[in-house]
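# A structural walkthrough
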Amino acid sequence: MYLYQHEFLPKDELRISSDDRGYYFGDGIYEVFRVYNGMLFEPAGHYERLERSARDVRISLPYSIDRLDGLLRQLIELNKLSEGIVYMQITRGAAERTHAFPKQAEPILTAYCSELARPLQALEHGIAAVTADDIRWLRCDLKTLNLLPNVMAKQAALDQGAQDVIFHRSGTVTECSSSNIMIVKDGELRTHPANHLILHGITRAVVLRLAAELHIPAKEEAFTLDDLNNADEVFLSSTTMEITPIVSIDRKPVGSGAPGPVTRKLQSAFEHLIGSGNDG
Ligand code: PMP
């Protein structure tokens, strides 16, 4: 079952207008939530980010967060989802194609959930990444539907035999195509500050929280491609990929070429957290 506004419908009964501004302009925002054991993971962080994206692109949320939360929980229940994701998007609505905001359109919410196993292979062995210019706009903190640069970069990485791309702006590392990135040097964690150049990842925030609990020093400070290439450990963080080690960059091994001890410590704290039913 899909969620359309506040109704639950089978996928083939969904009727999305070809005038939807999401379709013409990518004029909308979205969230991807993780579901573990049938429960939303870190929902408060996702709702806060959704509210911020909505406010800054001037789309009014069709429902209160409480109502939205109830609808998403119902969606999970109806689909009997235990482990997977909930995808939710809200577009500015349907209106004749013109750039200016429509006067009448009502925002359109759609959501679905799907089963998704934890990426155990990648978590265990790590992935290969390549670096690329970050050619995106200057509001990467907003979770909007405009993902063409991310899509292009991800595909280019796959075409080169890697699994993901690490973006940099003139040598300053920002994030990956759909995840944040952290490096470890001499036992210290470093990641780009949560400003307009990266998405403020929910998993990124969880990792920083776990690092503090584990007394792993962490700095939210930009780092360069040189720092990246000289790092002892590198990993990405995201809702679907959790804490995935990056073991090679541009075909050169990171550190020993295998996931490092700080990454392993964080991964195991993360596993403990998701096993413990985080439904805050
Ligand atoms: N950066 C980008 C560009 C993303 O698309 C994502 C995935 N939503 C992230 C970072 C990671 O965010 P989160 O941990 O909230 O999934």
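Note that this is a predicted model, so its numbers are computed, not measured.

### Observations regarding the overall build of the chain
The helix and strand inventory of the chain stands at eight helices and 16 strands. Here the chain has a C-alpha radius of gyration of 19 Å; the compact-globule value for 280 residues is 19 Å, and the two agree. Counting only C-alpha atoms and orienting by the principal axes, one finds that the chain spans roughly 55 × 40 × 30 Å. Classification of the 280 residues of the chain by burial places 36% in the buried group.

### As for helix 5 (residues 148-159)
Between its first and last C-alpha, helix 5 extends 16 Å over twelve residues, near the 16 Å set by a 1.5 Å rise per residue. Just beyond helix 5, the residue with positive phi is Gly161, at close to 85 degrees.

### Focus on the site of the ligand
The local shell around the ligand holds 14 residues, among which Leu199, Gly201, Ile202, Thr203 and Thr239 are the closest. With three residues, helix 6 (residues 202-213) is the single largest residue contributor to the shell around the ligand. For the shell around the ligand, a count of residues per class yields three nonpolar, nine polar and two charged.

### Side note on the confidence of the model for the chain
One rule of thumb: low pLDDT means the predicted coordinates there are not for detailed reading. Averaged over every residue, the pLDDT of the chain is 97; residues scoring 70 or more account for 99%. The ipTM, which scores confidence in the relative placement of chains, is 0.99 for this predicted complex, and the corresponding pTM is 0.97.

### Re the pairing of strand 8 (residues 164-169)
Most of strand 8 sits out of view: five of its six residues are buried. Across five bridges, the pairing between strand 7 (residues 127-133) and strand 8 is parallel. The residue bridging Ala132 from the neighbouring strand is Phe167, located in strand 8. Taking the sense of rotation as the criterion, the β-α-β connection linking strand 7, helix 5 and strand 8 turns out right-handed. In this structure, strand 8 lies alongside strand 9 (residues 172-176), joined through three bridges in antiparallel fashion. The residue bridging His168 from the neighbouring strand is Val173, located in strand 9. Between the antiparallel neighbours strand 8 and strand 9 lie two residues, among them Ser170 with a positive phi of about 45 degrees.

### Concerning the domain arrangement of the chain
In terms of domains, the chain is made up of domain 1 (2-115) and domain 2 (120-275). Relative placement of domain 1 and domain 2: their C-alpha centres are 26 Å apart. Every contact between the two is made by 20 residues of domain 1 and, on the other side, twelve residues of domain 2. Of all the elements in the fold, those that place two or more residues in the side of domain 1 that touches domain 2 are strand 3 (28-36), helix 2 (43-57) and strand 5 (84-91).

### Some thoughts on the pairing of strand 11 (residues 188-191)
Summarising the sheet, strand 10 (residues 180-185) and strand 11 pair through four bridges and their orientation is antiparallel. Counterpart to Val184 in the pairing with strand 11 is Leu189. A loop of two residues connects strand 10 with strand 11, the two strands running antiparallel in sequence, and Asp186 in this loop sits at a positive phi of about 50 degrees. The pairing of strand 11 with strand 12 (residues 218-220) spans three bridges and is parallel. Paired with Arg190 across the two strands is Lys219, which belongs to strand 12.

### So, helix 2
Look at helix 2: 21 Å from first C-alpha to last across 15 residues, which is about the 21 Å you get at 1.5 Å a residue. Within helix 2, the full set of buried residues consists of Pro43, His46, Arg49, Leu50 and Ser53. The arc enclosing the buried residues of helix 2, seen along the axis, measures out at 130 degrees, which places them on a common side. Directly beyond the C-terminal end of helix 2, a positive phi value near 60 degrees is found at Arg58.

### Some details on the nonpolar core
Among the nonpolar cores identified, the biggest contains 36 residues, and Ala129, Val165, Ile166, Val207, Val234 and Ile246 are the most heavily contacted of them. It is helix 6 that provides the largest number of residues to this core, a total of six residues. Each residue touching Ile246, except ones within four places of it in the same chain, is listed here: Gly126, Ile127, Ala129, Val234, Phe235, Leu236 and Val254. If you look at the next biggest cluster of nonpolar residues, it comprises twelve residues, including Leu68, Leu72, Leu75 and Ala111.

### Overview of unusual backbone geometry
Here Lys80, not a glycine, exhibits a phi torsion of approximately 50 degrees, which is positive. Within the secondary structure, Lys80 sits in the loop between helix 3 (65-78) and strand 5. Taking the C-beta count within 10 Å as the criterion, Lys80 has 9 such neighbours and is therefore assigned exposed. The phi dihedral of Glu242 is positive, around 55 degrees, even though this residue is not glycine. The topology assignment puts Glu242 in strand 15 (residues 242-249).

The rules behind each value
Residues numbered from 1 in each chain as written. Predicted model: local features only at pLDDT ≥ 70, side-chain atom pairs only at ≥ 80, totals over all residues. Helix = DSSP H or I, 4+ residues; strand = E, 2+ residues; numbered from the N terminus. Rg over C-alpha atoms; globule rule 2.2 N^0.38 Å. Buried ≥ 20, exposed ≤ 12 C-beta atoms within 10 Å, placed from the backbone. Expected span 1.5 Å × (residues − 1). Near = placed C-beta within 6 Å. Nonpolar A, V, L, I, M, F, W, Y, C, P; charged D, E, K, R; others polar. pLDDT = per-residue confidence, 0-100. Pairing = 2+ DSSP bridges. Right-handed = clockwise from strand over helix to strand, strands pointing away. Domains from an automatic or database assignment. Contact = placed C-beta atoms within 7 Å. Arc of directions from axis to C-beta. Core = buried A, V, L, I, M, F, W, Y, C linked by C-beta atoms within 7 Å.

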